[in-house]
Amino acid sequence: MITFFQLLISGLSVGFIYGLIAVGFVLIFKSSQIFNFAQGEMVMFGAFLVWVFLNYDIPPVVAIILVLMIVGAAGYLLERFPLRPMIGQPIFATIMITMGIGVFLKGLALLLWSRHIGIQYPSVITEKTINILGVPLSNVTIGVFVFGLVMVIILGLFFNYSRTGLHMRAAAENHQLAQSMGIKVTRAIAQSWAIAAIVATIGGFLLGYMRGIDFGLIEIGLIAIAAALVGGLESFKGAVVGGLIIGVAQTFTGGYVGYGLKEVVPFLIMVLVLIFKPYGLFGLVKIERV
Amino acid sequence: MRRVSGVFDTSYLQDMTIFRTKHYIAGMVILILLFLALPAFVSDFWLAFISSTAVTIIALQGLNILAGYCGQISIGHTAFMAVGAYTSTILARELGLSLWICMPVGGLGAALVGLLFGLPSLRVKGYYLAITTIAAQFLIIYMIKTPFPEVTGGAIALSVPELRVGSFVFNSEIHFYYLIVAIMALMTFLSKSLTRSYFGRALVAVRDNDIAAEAMGINIFKYKLMAFFIGCFFAGIAGSVWAVYVRVISPDDFTLVNSIWQMGMLIIGGLGSTLGPFFGAVFISALREICVIIGPWVTSTFPQIGAQVSASLVEMTFGVAIVLFLVYEPRGIGHRWEILKESYRLWPFSY
């Protein structure tokens, strides 16, 4: 029973991070109808970048804020070059362009950091075990859990109450209509890429803190895509719920069945959801002839 | 499309010929002779390069039918190659069948698995379908790696029996070069014939507008599934030929990254033409070789950069090539080639 709760909590904390990354993915899909297959590479790149900045002699908080500003700016610029010409292009092209960006990021990261194997962040807090209701839990797991929860709440507030967030949602709904209301659609898309990059970096930092920084973080991007599809592509709430479902399913299969299945269980769940509920748990049902 | 000046078709048969003029036929004969004579002039390195590129071209012809003609995006194509490779190898190992029988059976096995993973295309399209093919990639590789390690060799490599005809054993680069190039030519001819037929035109109709295609009496479900079947058949053939060629297969040869590379090759070569796979595969393979060659030079010039320079250069140039092609020439090198041919025919006039 104790293992059950441990697995549940660690699954939920991993799931929050998946959900967070999936939110970035949903954000881009909503604002520009582009599937960002480079999300995993963005997670990995951000995690490495945070590591680089934490090694300089500056306070960790400042370093992280600096990195977030840099990746935000990079996301903003990404919209200008390869992505703006992709508006209105066929799906095949938009899929491949994000994959091209992803492959490029991976190559760049290999060039810069492939020497550093098994690196860890300098520890910010000392790890110890806390008993909550008789269940022993690592304080890092709890910290990541709380941090992820706070991030999701902040993003929710941002999209529901701030002017920029509302503009982005409007642009997502209908480009032409948003434009006629005086919203700059290209700017909204650029902002969504910037936020997606920031969210990916935060997710990369949290995951890297839990499991070390390596190129395996790229796979998280695909798991986040699976989470977004399980939750439904149009819904932030769905992305978080999908992330939680997949995180918990992963730790449970990892704990009770075996490592091999743990790797594919996100995709298994996703295929089942797609077959029985093609638009996800909270997605917008589109009536479309296939 | 403009034709060669002075050539007029007077019958439908003439209209359908692939090699329209004597020059085409002469060019084709010269090309075949060139390929036959090539091993006398080049080293084993280049023969290996051509053989592995030719295997990729076989797979790409299948992906081209699926994605280029029928518009069904598949990001799990190498997984179907893996199905072909493992089916033929396991049949040859466990049942002792001749590899000549196993290779087509491997293709059929991949085609049937492809049919299974093509079923979601009846319910979803576009991004959702692309994602389910990614799921296919992971599920197939998982099935190879985990449940039956004693048959499939698990995550470790599986050795492939020798390919032989009577007492003749295929064991040098030259033998495989002739075999693989011949199979490639055969499969290319098959793909060309398929896409020129009613079948190919039906696929194009489904791609361009599926509702209009259905209204014209094309059974779109049937043609989508057939596209999956045939596309994955090509992949299976490519996989089993690859297995026979390298003699050792492991699940790590068939990863998602390889699938993405194949998609990139198809984009760069040009979707929906028989020549596209050739241009794409040769362009990207050459790019990769160049990066591998200049990698050590970069390492010696800038020693502070560190390890894996070649690998990272390969990835970076590939990424940049995809992005640049998509933005500036989305129809690929094949389209440029067509423009070149037309302007050659019209020269010295511009139209």
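Above this note sits the structure.
Residues numbered from 1 in each chain as written. Chains lettered and ligands numbered in written order. Predicted model: local features only at pLDDT ≥ 70, side-chain atom pairs only at ≥ 80, totals over all residues. Heavy atoms only, no water.

1. Topic: the interface of chain A and chain B
Spelled out, the test is: Whether two residues touch is decided by their heavy atoms; if any such pair falls within 4.5 Å, the residues are in contact. The term buried area means the drop in 1.4 Å probe accessible area that two parts suffer when joined, counted for both and summed. Think of a salt bridge as a Lys or Arg side-chain nitrogen and an Asp or Glu carboxyl oxygen that are within 4 Å of each other. N or O atoms closer than or at 3.5 Å make up a polar contact, with two conditions inside protein: a donor-capable atom paired with an acceptor-capable one, and, for residues adjacent in sequence, both atoms drawn from side chains. For helices the rule is a DSSP run of H or I covering at least 4 residues; for strands it is a run of E covering at least 2, with both sets numbered from the N terminus onward. The nonpolar class holds Ala, Val, Leu, Ile, Met, Phe, Trp, Tyr, Cys and Pro. Asp, Glu, Lys and Arg form the charged class, and all remaining residues, Gly among them, are polar.
Contact with chain A, which involves 48 residues of that partner, is made by 52 residues of chain B. Interface area, chain A with chain B, both sides summed: about 4,400 Å², of which 78% is carbon and sulfur. Here chain A and chain B share one salt bridge between them. For B:Glu315, the salt bridge identified is with A:Lys106, shortest N-O distance 3.8 Å. Counting across the interface, chain A meets chain B through one residue pair in polar contact (both at pLDDT 80 or more). For the side of chain A that touches chain B, the secondary-structure elements that each account for two or more residues are helix H3 (60–83), helix H4 (91–113), helix H9 (218–231) and helix H11 (259–276) of chain A. Its residues placed into classes, the side of chain A that touches chain B shows 38 nonpolar, six polar and four charged.

2. Things to note about the nonpolar core
General note: in soluble globular proteins, nonpolar side chains tend to be found buried as a group. Which entries qualify depends on this criterion: We call a set of buried residues a nonpolar core when its members are Ala, Val, Leu, Ile, Met, Phe, Trp, Tyr or Cys and they connect through side-chain atoms within 4.5 Å of each other. Relative accessible area decides the class of each residue, using a 1.4 Å probe on protein chains only: under 20% of the type maximum gives buried, over 50% gives exposed, and in between gives partly exposed.
Judged by nonpolar contacts, the single largest core of 203 residues is most densely connected at A:Phe35, A:Phe37, A:Tyr121, A:Leu229, A:Met270 and B:Ile75. Not counting chain neighbours up to four residues away, the residues in contact with B:Ile75 comprise A:Phe37, A:Ile95, A:Met99, B:Ala130, B:Thr133, B:Ile134, B:Gln137, B:Leu256, B:Ser259, B:Ile260 and B:Met263. Ranked by size, the runner-up nonpolar core spans five residues in total, among them B:Leu47, B:Phe49, B:Ile50 and B:Val181.

3. What about helix H6 (residues 163–173) of chain A?
Residues and elements named next belong to chain A. Operational definition: Each C-beta atom gives one direction from the helix axis, and the arc is the one those directions make.
Here H6 has its buried residues at Gly165, Met168, Ala171 and Ala172. On an axial view of H6, the arc spanned by its buried residues comes to 125°, and they lie on one face. Seen from the open side of H6, the exposed residues pointing more than 90 degrees away from its buried face are Arg163 and Glu173. If you check the start of H6, you find a side-chain oxygen 3.0 Å away from the backbone N of Gly165, and it comes from Ser162.

4. Observations regarding H4(A)
Defined as follows: In a helix, the anticipated span is given by 1.5 Å times the number of residues less one.
Between its first and last C-alpha, H4(A) extends 33 Å over 23 residues, near the 33 Å set by a 1.5 Å rise per residue. Among the 23 residues in H4(A), 19 count as buried, and that is most of the element.

5. A closer look at unusual backbone geometry
Residues and elements named next belong to chain B. With an omega of 5°, the peptide bond between Trp347 and Pro348 qualifies as cis. Checked against the element boundaries, Pro348 lands in the segment after helix H15 (332–346). If you check the backbone angles, Arg247 has positive phi at about 70° while not being a glycine. With respect to the helices and strands, Arg247 occurs in the loop between helix H11 (220–246) and strand E4 (248–249).

6. Concerning the side chain of A:Glu41
All names here are of chain A. This is how it is decided: Working convention for charge: Lys and Arg count positive, Asp and Glu count negative, and His plus the chain ends are omitted.
By the element assignment, Glu41 lies in helix H2 (residues 39–54). Lys106 is the oppositely charged side chain nearest to the buried, salt-bridge-free Glu41, at an N-O distance of 6.1 Å. Apart from the residues within four sequence positions on either side, Glu41 is in contact with Gly102, Leu105, Lys106 and Ile218.

7. Observations concerning the pattern of salt bridges
All names here are of chain B. Counted according to the given criterion, the structure contains six salt bridges over all chains. When the shortest N-O distance is used, the salt bridge between Glu162 and Arg164 registers 3.2 Å. Take Glu162: its relative accessible area is 37%, and that puts it in the partly exposed class.

8. Examining the packing of aromatic side chains
Note the threshold: The aromatic pairing rule takes the rings of Phe, Tyr and Trp, using the six-membered ring of Trp, and pairs them if the centres are within 6.5 Å, calling planes under 30 degrees apart stacked, those over 60 edge-to-face and the rest tilted. Throughout this description, the term charge over a ring refers to an Arg CZ or Lys NZ atom that lies within 6 Å of the ring centre and within 35 degrees of the ring normal.
This structure, assessed with the given rule, holds 31 aromatic pairs over all chains. For the ring pair A:Phe252 and A:Tyr256, a centre distance of 5.9 Å and an interplane angle of 40° mean the geometry is tilted. Placement of the pair is A:Phe252 and A:Tyr256 together in helix H10 (residues 236–256), with a separation of four residues, close to one helical turn. Ring centres 6.0 Å apart and planes at 65° place the aromatic pair B:Trp242 and B:Tyr245 in the edge-to-face group. Taken together, the positions of B:Trp242 and B:Tyr245, both in helix H11 and three residues apart, correspond to about one turn of that helix. Taken together, the ring pairs connect B:Trp100, B:Phe168, B:Phe170, B:Phe176, B:Trp242 and B:Tyr245 into an aromatic cluster. Cation over ring: B:Arg288 sits above B:Trp261, and NZ or CZ is 4.8 Å from the ring centre.

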